[in-house]
Amino acid sequence: MIVERHEFSSDNVAPICPEAWAALEEANTHYAPSYGEDRWTARACDRVREIFEIDCDVYFVFTGTVANALALAQLCKSFQSVICHRHSHIQTDECGAPEFFTGGSKLLLVGGEDGKIDTGQVEALLNRQNEPHSHKPGAISISQATEFGTVYSRDVIAEVADLARTHQLFLHMDGARFANAIASLNCAPKAITWEAGVDVLCFGGTKNGAAVGEFVIFFDKKISREFDYRAKQAGHLGSKMRFLAASWLGLLTGDAWLRNAQHANDAARRLADGLRKEAGIKNVFSVEANAVFVSMEERLASGLHARGWRFYKFIEPDVYRLMCSWATTDRAISDFVGDVSSISLNK
Ligand SMILES: *Cc1c(COP(=O)(O)O)cnc(C)c1O
């Protein structure tokens, strides 16, 4: 029984989902080999190959930050650079982990509407910078879904991939909310990854309902060479890896990962609709995954906080993020909308 909270601060504040929990319990009834030599790890990796319809190389790590940082370190030498959106997680929220693990790769920032990189700006950057005094571009990184709860279409990903290929760059996808993007686009996972030209995907489970653990997926096995050593050196070869794998297995068996993502996306859409219709508050970005961004007066935000609602300001001066998860209830949505209306009316 989950004790409901007034929670919209993130999708990782939600509990472990029932399917992942059951799989953990099942894994906990056995002794098993350590360091990923167990059958849960093997099955989870096989299931990833099935879902992506390709014989890819799959690794478990503990956080999304290290998944991104190690993946980029695999793609780039220290004198190379990574092109990403100025509001990407690797730029704003990873404490320099990509720069640290690559041994110095510079992040080159571009803009673009709705948290998506502008390919024109990427192209301009590539045409300008490429000589020993600056640095050598090595990869482009995109987030799917983006930091602003929007989703790249298949065509735009293919366009970015084209650009990457033309300039001999790798394409990295930060998929901390990849499941939400798949649920939103309703497409095969391969359609927006390897088929479109993505080389490496960091596939997040934590925000989807797993206990802990993210995948680093290399679609081309030539690229993943010795990644096992890199992950171990960074301290990400879990000795009880079966428990990372088991919780993932709970998500990936029987499509709980997609149902969880769909639920979170639907909740966000209903929340946005409710806020617009009942309180006249419009979302700032289009709601394509599980996040709703709204601008609020300070008085309204602090009134909601005073009533126990948890969420925070994402963009200065006044844009707040409301994040839904697999566990968000109709009740939480209607209570929140009700509180917004009543505080707004109470001028
Ligand atoms: C949450 C998140 C991550 C990873 O976060 P960790 O807290 O390190 O697990 C990476 N990218 C994006 C876009 C995220 O939202």
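An account of the accompanying structure is given in this report. This one's a predicted model, so the numbers in the text were calculated from it and none came from an experiment.

The rules behind the values
- All residue numbers refer to positions counted from 1 along the written sequence of the respective chain.
- For this predicted model, a pLDDT threshold of at least 70 governs which residues receive local features, and a threshold of 80 or more governs which side-chain atom pairs are given and counted, while totals over whole chains, interfaces and linings are taken from all residues.
- The basis for every side-chain value is the complete set of non-hydrogen atoms in the structure, without hydrogens or water.
- Think of it this way: any DSSP run of H or I at least four residues long counts as a helix, any run of E at least two long counts as a strand, and we number them from the N terminus.
- Two things to know: the radius of gyration comes from C-alpha atoms, and the globule rule equals 2.2 Å times the number of residues to the power 0.38.
- Each residue is placed in one exposure class: buried if its accessible area under a 1.4 Å probe, protein chains only, is under 20% of its type's maximum, exposed if it is over 50%, and partly exposed if it falls in between.
- Residue contacts are counted whenever heavy atoms from the two residues lie within 4.5 Å of one another.
- Surface accessibility in these figures is a Shrake-Rupley result with a 1.4 Å probe; residues are shielded only by whichever protein chains are displayed.
- Only four residue types enter the charge count, namely Lys and Arg as positive and Asp and Glu as negative; His and the chain termini do not.
- Positions of charges follow a simple convention, taking NZ of Lys, CZ of Arg, CG of Asp or CD of Glu.
- A pair of strands is considered paired only if DSSP assigns at least 2 bridges between the two.
- Throughout, an axis means a line fitted to C-alpha atoms (over the contacting stretch in the case of helices), and angles, computed between N-to-C directions, take values from 0 to 180 degrees.
- We define a salt bridge as a contact between a side-chain nitrogen of Lys or Arg and a carboxyl oxygen of Asp or Glu at a distance within 4 Å.

**Some remarks on the overall build of the protein**
The helix and strand inventory of the protein stands at 13 helices and ten strands. Here the protein has a C-alpha radius of gyration of 20 Å; the compact-globule value for 347 residues is 20 Å, and the two agree. For the protein, the spread of C-alpha atoms along the three principal axes comes to 60 × 55 × 30 Å. Out of the 347 residues in the protein, the part that is buried amounts to 53%. Residue pairs in contact within the protein that sit at least 24 positions apart in sequence constitute 75% of those at least 6 positions apart. Surface summary for the protein: the accessible area is close to 15,400 Å², and the carbon and sulfur share equals 50%. Between the mean site of the 36 positive side-chain charges and the mean site of the 44 negative ones, the protein shows a separation of 2 Å.

**Comments concerning unusual backbone geometry**
Residue Ala145 is bonded to the preceding Gln144 through a cis peptide linkage, with omega at -5 degrees. Note that Ala145 resides in the loop between strand 4 (136–143) and helix 7 (154–166). Backbone torsion omega between Glu316 and Pro317 reads 5 degrees, so that peptide bond is classified as cis. Tracing the backbone through its elements, the reader meets Pro317 in the loop between strand 9 (312–315) and strand 10 (319–323). A positive phi angle is found at Cys95, which is not glycine, with a value near 50 degrees.

**Structural notes on the sheet that holds strand 1 (residues 57–61)**
The strand order 1-7-6-5-4-2-3 describes an open sheet built from seven strands, whose pairing is mixed. Both edges of this open sheet fall to strand 1 and strand 3 (106–110), since each of them pairs with a single strand only. Between one strand axis and the next, the sheet turns through 25 degrees on average, direction left out of account. Examined bridge by bridge, strand 2 (residues 80–85) and strand 3 share five bridges and lie parallel to one another. By the bridge assignment, Val82 is partnered in strand 3 with Leu107. The strands that helix 2 (residues 39–52) touches are strand 1, strand 6 (200–204) and strand 7 (214–218); relative to strand 1, the one it contacts most, it runs at about 130 degrees.

**Notes on the pattern of salt bridges**
This model, assessed by the stated rule, comprises 20 salt bridges. Taking the shortest distance from any N to any O, the salt bridge between Asp330 and Arg270 comes out at 2.6 Å. Pair noted here: Asp330 is in helix 13 (residues 330–345) and Arg270 is in helix 11 (residues 256–279), with a separation of 60 residues, a long-range link. Given a relative accessible area of 52%, Asp330 falls into the exposed group. Judged by relative accessible area, which is 37%, Arg270 ranks as partly exposed. Its salt-bridge partner being Arg307, residue Asp339 comes within 2.9 Å of it at the nearest N-O pair. Here Asp339, found in helix 13, pairs with Arg307, found in the loop between helix 12 (298–306) and strand 9; they are 32 residues apart in sequence, far enough to count as distant. Owing to a relative accessible area of 17%, Asp339 belongs among the buried residues under this scheme. Here the salt bridges share partners, and the residues they tie into one network are Asp46, Arg49, Asp55 and Lys221.

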